[in-house]
Structure formats: C-alpha cells, structure tokens
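These are the residues of each chain, in order.
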Amino acid sequence: MAGLPYIVGNWKMHGTRAMLGEVRAMDRAAQRFPKVQVAIAPPATLIYRAREAVELIGIGGQDCHAKETGAFTGDISATMLRDAGADFTIVGHSERRTIHAETDADVKAKAEAAFAAGLAVILCVGETESQRDAGNAESVVGAQLDGSCPSTEGVVEKLSIAYEPVWAIGTGRVPSIDDVAAMHASIRAKLVAIYGSAGADVRILYGGSVKADNASELLAVPEVGGALVGGASLTSESFLAIVGAAASRGEA
Ligand code: PEP
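Residues numbered from 1 in each chain as written. Predicted model: local features only at pLDDT ≥ 70, side-chain atom pairs only at ≥ 80, totals over all residues. Heavy atoms only, no water.

Trainee: Can you walk me through the overall build of the protein chain in this structure?
Mentor: The secondary structure content of the protein chain amounts to ten helices and eight strands. Over its C-alpha trace the protein chain gives a radius of gyration of 17 Å, about what one expects of a compact globule, namely 18 Å for 252 residues. Taking the principal axes of the C-alpha coordinates as reference, the protein chain spans close to 50 × 45 × 35 Å. The 252 residues of the protein chain split such that 50% are buried. In the protein chain, the proportion of contacts linking residues at least 24 apart, taken out of those at least 6 apart, comes to 73%. Accessible surface, the protein chain: about 11,100 Å² in total, of which carbon and sulfur atoms supply 52%. Across the protein chain, 22 positive and 30 negative side-chain charges occur, with their mean positions spaced 5 Å apart. (Helix = DSSP H or I, 4+ residues; strand = E, 2+ residues; numbered from the N terminus. Rg over C-alpha atoms; globule rule 2.2 N^0.38 Å. Buried < 20%, exposed > 50% of the residue type's maximum accessible area, 1.4 Å probe, protein only. Contact = heavy atoms within 4.5 Å. Areas by Shrake-Rupley, 256 points an atom, 1.4 Å probe, with all protein chains shown as cover. Lys, Arg positive; Asp, Glu negative; His and termini not counted. Charge placed at Lys NZ, Arg CZ, Asp CG, Glu CD.)

Next up, the structure:
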C-alpha cells in the first residue's frame, strides 16, 4: 500500500457560503500535518469558492455524470467539476446507488469519465446489513468491484476505493476491527486480480461513522489507507481531530 494516509470529508447536501470558513480552517491546519493528504468534497455549488479559498487541501465532487455534455437536466459532468476547480470526485456512494438507483455499470462509466476529465476518483463500495448478516459481505463487495472498477489504462495511481458498509454510514455503528481488516484484505486481493501488481498500490479507505474517538484504531488496520468521513467532516474541529489521528498513525 503506497502513499500518505488520505482523509476525505464528504459534505453531502450540507453547506452554503457560510461554511467556507470551515474549509479555510481545515486548509490552514493541514500545514501542521504534512504527512496526511486531506481533501473535502463540498456540494457542487461550493467547489469553485472552496478551491479559491484553499492552498493545500484537495477539493472534489461527490458524483459526476458519465457523459461530458448533453440534455441531462440537473446533472454535472466530470469536465465541469474539473473546470470548477475539483481535483477528484467520489463515485458510487451508497446514497447514489440506493436513492438514484445507480448500477455498477453506471459507477464504472462515471469513474472512466472522471479519469478522462483528469480527475482522481474515490469509488465507494459496501454491503447492506442483511447482506452481511447472510455472510455475503465479501462476495457482494467483490462483485461491486468487478462491476464498477474502471478499465481505463494507467489510472490506478489516481484511484482510491472507499469501503463503506451501508449500515455504518451515519449510524454511529462501525464494524469490528477484525471485520474491517478481513474486508480490506479481500478488497486488496480483488484489486490485484483486476489490475495485476498495480492493484497493490490502490488506496483503500474505510468510511462509516469515523469519528475522532475511533479513527486511530481504524486507521491502524492493515490495508486501511485513510478514511472517507461524512458527519464528522462538517466542522474543522471534528475533522481535524481525525486528520490528527492519521498523522500520528504508527507513532503510538
Ligand atoms: C459517508 O457519507 O461517506 C460517511 C461515511 O458518512 P458518516 O461518516 O457520517 O457515516
């Protein structure tokens, strides 16, 4: 597993200009944590302003359309995200897969469009609670990876996978450390099966109720290369506590 720990905030449908102060505070503080890669995915309406407000941290989208332009009212293309100042985008978040009925094929097309536009990609996968209870968590996530990983050549260094158990998102519940370790090892094996030796370098993030008080433990799990953070990324105070935990990874 290569690279610095990657801590990414997903603001979902939260945030107006009044919250840009949080982004500025995160950016200023990121200077104290040069060994952590920090990024925020604000709502699309704030991407341009957030980009103008920061010097260090990454700014990204939460989704993109698979087509570059067209009659898709309300959608935003990867090229538009890039034009607004994004350097990455999330694709395949479980809220998109569930609420917007996105399939693995949709997610794959979006990831490939994002790469074509010059964006890095965070591709989300994760099982529901009933799938885990039925003992199918690893096979479900493996099938999601098979169906949604981009096939574009030479993209692997710009791809991160976020493992987000659906039942852990926004619930305050997290899987056991053993379950996180087992799933991340299984994802790693699948990435190597898909991409060959390059799959060993794809960053795998954990997401789902990451907070300051569980971040150190989760980030210490083998193959956990960072975190995708929802609720706790909405204030600089709670988000920076997670960034700080990532900075001290391996020092305990
Ligand atoms: C998310 O939305 O990607 C997420 C992980 O949310 P939360 O941290 O609030 O569970």
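Past the structure itself, the notes keep going.
Trainee: Can you help me understand the site of the ligand in this one?
Mentor: Around the ligand, a shell composed of 14 residues is seen, among which Lys12, Glu164, Gly170, Ser209 and Gly230 lie nearest. Take lysine 12: an N or O atom from its side chain is 2.6 Å from an oxygen atom of the ligand. In the environment of the ligand, an oxygen atom lies 2.7 Å from a nitrogen or oxygen atom belonging to the side chain of glutamate 164. Coverage of the ligand by the protein chains reaches 97% of its 290 Å² of free accessible surface. Grouping the amino acids of the shell around the ligand by side-chain chemistry returns four nonpolar, eight polar and two charged. (Near = heavy atom within 4 Å. Polar contact = N/O pair within 3.5 Å; in protein donor to acceptor, adjacent residues only side chain to side chain. Nonpolar A, V, L, I, M, F, W, Y, C, P; charged D, E, K, R; others polar.)

Trainee: Can you walk me through helix α5 (residues 104-116) in this structure?
Mentor: Three or four residues apart is the spacing at which side chains of an α-helix point the same way, because the helix has 3.6 residues per turn. A rise of 1.5 Å per residue sets the reference length of α5, with its 13 residues, at 18 Å; its end C-alpha atoms lie 18 Å apart and thus fit the reference within 8%. Those residues of α5 not exposed but buried are Val107, Lys110, Ala111, Ala113, Ala114 and Phe115. Packed against the buried residues of α5 are α3 (78-84), β4 (88-91), α4 (94-99), β5 (120-125), α7 (137-148) and β6 (159-163). Just downstream of α5 lies glycine 118, where phi reads positive at about 90°. (Expected span 1.5 Å × (residues − 1).)

Trainee: So what exactly am I meant to see when it comes to the sheet that holds strand β8 (residues 226-229) here?
Mentor: Backbone hydrogen bonds hold the strands of a sheet together, and the pairing may be parallel or antiparallel. Strand order in the closed barrel formed by eight strands is β1-β2-β3-β4-β5-β6-β7-β8, and the pairing between neighbours is parallel. Going across the sheet, the axis of each strand differs from the next one's by a mean of 25°, ignoring polarity. Sheet topology places strand β1 (residues 6-10) next to β8; four bridges connect them, and they run parallel. Residue pairing for β8: isoleucine 7 is matched across the bridge by alanine 227. Most of the contacts of α5 go to β5, to which it runs at about 165°, and overall it touches β4, β5 and β6. (Pairing = 2+ DSSP bridges. Axes fitted to C-alpha atoms, helices over the stretch in contact; angles between N-to-C directions.)

Trainee: Is there a simple way to explain the packing of helix α9 (residues 212-219) against helix α10 (residues 236-247) in this structure?
Mentor: The description of two helices packed together rests on the angle between their axes and the distance between the axes. Running from N to C, α9 and α10 point in directions that differ by 30°, and their axes come no closer than 9 Å. Considered as vectors, α9 and α10 are oriented roughly parallel to each other. The two elements α9 and α10 meet at a crossing, and its hand is right-handed. Contacts from Ala212, Ala215, Ser216 and Leu219 in α9 reach Ala241, Ile242, Ala245 and Ala246 in α10. Counted by class, the contact of α9 with α10 contains seven nonpolar, one polar and no charged residues. (Parallel < 35°, antiparallel > 145°, perpendicular 65-115°, else oblique. Left-handed = near helix turned anticlockwise from the far one by under 90°.)

Trainee: Please explain the environment of alanine 84 as it appears in this structure.
Mentor: Of note, alanine 84 is situated in helix α3. Each C-alpha atom of the pair alanine 84 and alanine 25 lies 21 Å from the other, and the pair is 59 residues apart in sequence. Look past the residues within four positions of alanine 84 in its chain and what remains in contact with it is Ile47, Tyr48 and Arg51.

Trainee: It is not clear to me how the nonpolar core should be interpreted in this structure. Could you clarify?
Mentor: Core analysis: the biggest nonpolar cluster contains 67 residues, and Ile7, Ile57, Leu123, Ile161 and Ile187 have the highest contact counts within it. With six residues, the top contributor of residues to this core is α10. Look past the residues within four positions of leucine 123 in its chain and what remains in contact with it is Val91, Arg97, Val107, Ala111, Ser148, Cys149, Pro150, Leu159, Ser160, Ile161 and Ala162. Among the nonpolar cores identified, the runner-up in size contains twelve residues, and Ala41, Phe88, Cys124 and Leu205 belong to it. (Core = buried A, V, L, I, M, F, W, Y, C linked by side-chain atoms within 4.5 Å.)

Trainee: Looking at this model, I keep getting lost on the pattern of salt bridges. Mind explaining?
Mentor: Where side chains of opposite charge bring their charged atoms close, a pairing between them can arise. Scanning all chains against the criterion turns up twelve salt bridges. For glutamate 102, the salt bridge identified is with arginine 96, shortest N-O distance 3.0 Å. Within the structure, one salt-bridge network assembled from shared partners comprises Asp63, Arg96, Glu102 and Lys110. (Salt bridge = Lys/Arg side-chain N within 4 Å of Asp/Glu carboxyl O.)

Trainee: Before we go on, may I ask you to explain the pairing of strand β2 (residues 37-41) in this structure?
Mentor: Regular strands show a simple pattern: their side chains alternate between the two faces of the sheet. In terms of residue burial, β2 counts as a mostly covered element, since four of its five residues are buried. By the bridge criterion, five bridges tie β1 to β2 in an arrangement that is parallel. Bridging across to β2, isoleucine 7 finds its partner in valine 38. In this region the chain leaves β1, passes through helix α1 (residues 20-30) and returns to the parallel neighbour β2; the handedness of that crossover is right-handed. (Right-handed = clockwise from strand over helix to strand, strands pointing away.)

These figures capture arrangement, not role.
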